[in-house]
Amino acid sequence: MAISEPVSIWQLGAPLGEGPVWVERDQALWFVDIKSHKIHRFDPANGATRSWDAPGQIGFILPIASGGFVAGLQTGLSKFDERDGSFTHICAPEPGKPGNRLNDATVDANGRLWFGSMDDSEEDITGAIYRLGADGHCVATSPLVAITNGPAVSPDGKTLYHVDTLVGVIYACDIDADGMLANRREFVRIPNAEGHPDGPTVDSEGCVWVGLYNGWGVRRYSAAGELLEEVRFPVSAITKIAFGGPDLKTVFATTANKHIAPADLAKEPHAGDLFRFEVSVPGQSGMLIREGV
């Protein structure tokens, strides 16, 4: 597959850029900076940028079919209105775990929101993958892990992938008709020396892309778990990618500088920037969270 060289397109220096999502109705990329409590929007047509303040650590933002977004905050799910910057609380999936925060999410073809939680100190095994139910309650669907990333869903809607970052494993699960997960199995294991698997994304061929934190790149795996491509970056911490542009062949990547020692930052002047590169296999069309949220 033809892949161009990644280039920095927004010099943010974000401590923890995350959750890029291409919003087709805006023809723009949205993403967050978790530790700076920021929501960012990038318009590739003219390079315009805009940012909003969040009321705390924010792990993701995903569009709702009826307008606005669902934001994953440390306090739980909220609806975000970009017109006035307001947040309206929806629900708290883990009211008894004040040390946890929400970290990453996706929307499946049925418009269901899937998201993960994690220990903010990145140590305790207290995080899980959740699904937002039609009744507005959050349903835990995975065993506990310390740092969840993903989930991501295959084009046919039958397989969900999620990551246990500290262990270095990407798991695959079957999605049952009732929206629960079954047959959880190891999809790919990445040794810590090669980087920690971060956010996963699935392209239109069903291949799984994953950012490597401390791994200087992103990888593309076949649906059978075979490593197909690796894209190298000039920064060490790539958190997640999103496919965008009119043909969904432009890849945007968020990065971070949170764990880079001050003495080493000079070696990575673009750590924490937003990057872009081009591919020949497009991503999936963007999904919208179903009405009623």
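Residue numbers run consecutively from 1 along every chain, following the written order of its sequence. Restriction of local features to residues with pLDDT of at least 70 applies here, the model being predicted, together with a cutoff of 80 or more for giving and counting side-chain atom pairs; totals for whole chains, interfaces and linings are based on all residues. Side-chain figures throughout are based on the complete set of non-hydrogen atoms in the structure, without hydrogens or water.

Under an unreviewed UniProt entry, the name given to the protein chain is SMP-30/gluconolactonase/LRE family protein, and the organism recorded is Sphingomonas gei. What UniProt records for the protein chain under Sequence similarities (unreviewed entry) is the sentence "Belongs to the SMP-30/CGR1 family." UniProt positions are given in the numbering used here, feature names are shortened, and annotations may be inferred rather than shown by experiment.

Chemist: Lay out the sheet that holds strand β4 (residues 38-43) in plain terms, naming residues and giving numbers.
Modeler: At least two DSSP bridges between two strands are required for those strands to pair. Secondary structure elements follow DSSP: runs of H or I no shorter than four residues count as helices, runs of E no shorter than two count as strands, and numbering proceeds from the N terminus. The strand order across the open sheet formed by four strands is β2-β3-β4-β5, and the pairing between neighbours is antiparallel. The two strands at the open ends of the sheet, each matched to only one other strand, are β2 (17-23) and β5 (48-53). Across the sheet, the axes of successive neighbouring strands diverge by a mean angle of 20 degrees, strand direction being ignored. Lines fitted to C-alpha atoms define the axes, with helix axes restricted to the stretch in contact, and inter-axis angles between N-to-C directions lie between 0 and 180 degrees.

Chemist: Break down the packing of aromatic side chains for me, citing the residues and quoting the values.
Modeler: For Phe, Tyr and Trp, where Trp contributes only its six-membered ring, two rings pair if their centres lie within 6.5 Å, and the inter-plane angle classes them as stacked under 30 degrees, edge-to-face over 60, or tilted in between. For the structure on display, the rule yields 16 aromatic pairs. For the ring pair Trp30 and Trp52, a centre distance of 5.0 Å and an interplane angle of 20 degrees mean the geometry is stacked. With Trp30 in strand β3 (residues 28-33) and Trp52 in strand β5, this residue pair connects regions lying 22 residues apart in the sequence. Throughout, exposure labels follow a simple rule: accessible area from a 1.4 Å probe, protein chains only, divided by the maximum for the residue type, with under 20% read as buried, over 50% as exposed, and the rest as partly exposed. By relative accessible area, which is 8% here, Trp52 ends up buried. Here Phe233 and Phe277 contribute two aromatic rings whose centre-to-centre distance is 6.0 Å and whose plane-to-plane angle is 85 degrees, an arrangement assigned as edge-to-face. On the criterion of sequence distance, the pair formed by Phe233 in the loop between β21 (227-232) and β22 (238-244) and Phe277 in strand β24 (residues 274-278) is long-range, its members being 44 residues apart. Between the NZ or CZ atom of Arg131 and the centre of the ring of Trp114, over which it lies, the distance is 5.9 Å. We count a charge as sitting over a ring when the NZ of a lysine or the CZ of an arginine lies within 6 Å of the ring centre and within 35 degrees of the ring normal. Against the face of Tyr171 rests Arg184, its NZ or CZ located 3.6 Å from the ring centre.

Chemist: Give me the nonpolar core: which residues, what numbers.
Modeler: We define a nonpolar core as any set of buried Ala, Val, Leu, Ile, Met, Phe, Trp, Tyr and Cys residues linked to one another through side-chain atoms lying within 4.5 Å. Core analysis: the largest hydrophobic core is formed by 34 residues, its most contacted members being Trp30, Phe60, Leu77 and Leu113. Among the elements of the structure, β2, β3, β6 (58-63), β7 (69-73), β8 (76-81), β10 (100-107), β11 (113-119) and β12 (129-132) are those that each provide at least two residues to this core.

Chemist: Lay out the UniProt feature "active site" (unreviewed entry) in the protein chain with the relevant residues and their values.
Modeler: Within the UniProt annotation, "active site" (unreviewed entry) is assigned to Asp198. Relative to the helices and strands, Asp198 resides in strand β18 (residues 196-202). On the basis of relative accessibility, which here comes to 5%, the residue Asp198 falls in the buried class. Two residues qualify as a contact provided that any one of their heavy atoms is within 4.5 Å of a heavy atom in the partner residue. Ignoring anything within four residues of it in the chain, the contact list for Asp198 reads Glu18, Asn149, Val163, Thr165, Val210, Gly211, Tyr213, Ile238 and Thr239. What qualifies as a polar contact is a pair of N or O atoms within 3.5 Å, subject to a donor-acceptor requirement within protein and to the restriction that residues adjacent in sequence count only when both atoms come from side chains. Polar side-chain contacts of Asp198 include one of 3.3 Å to the side chain of Asn149.

Chemist: Which residues make up the sheet that holds β6, and what values do they have?
Modeler: Taking strand neighbours across the sheet as the criterion, the four strands line up as β6-β7-β8-β9 in an open arrangement whose pairing is antiparallel. Strands with a single pairing partner mark the edges of an open sheet, and in this sheet they are β6 and β9 (86-91). Looking at each pair of strands side by side, their axes are set apart by 30 degrees on average, direction ignored. Where β6 meets β7, five bridges bridge the pair, whose relative direction is antiparallel. Residue Pro63 lies in a different strand from β7, and its bridge partner there is Phe69.

Chemist: Can you lay out the pattern of salt bridges for me, pointing to particular residues and giving the numbers?
Modeler: Every case where a carboxyl oxygen of Asp or Glu lies within 4 Å of a side-chain nitrogen of Lys or Arg is listed as a salt bridge. Within the structure shown, the criterion is met by 17 salt bridges. Its salt-bridge partner being Asp120, residue Lys35 comes within 3.0 Å of it at the nearest N-O pair. Here Lys35, found in the loop between β3 and β4, pairs with Asp120, found in the loop between β11 and β12; they are 85 residues apart in sequence, far enough to count as distant. By relative accessible area, which is 27% here, Lys35 ends up partly exposed. Linking Glu205 and Arg220 is a salt bridge whose minimum nitrogen-to-oxygen distance equals 2.9 Å. Of the two residues, Glu205 is situated in the loop between β18 and β19 (208-213) and Arg220 in strand β20 (residues 217-221); the sequence distance between them amounts to 15 residues.

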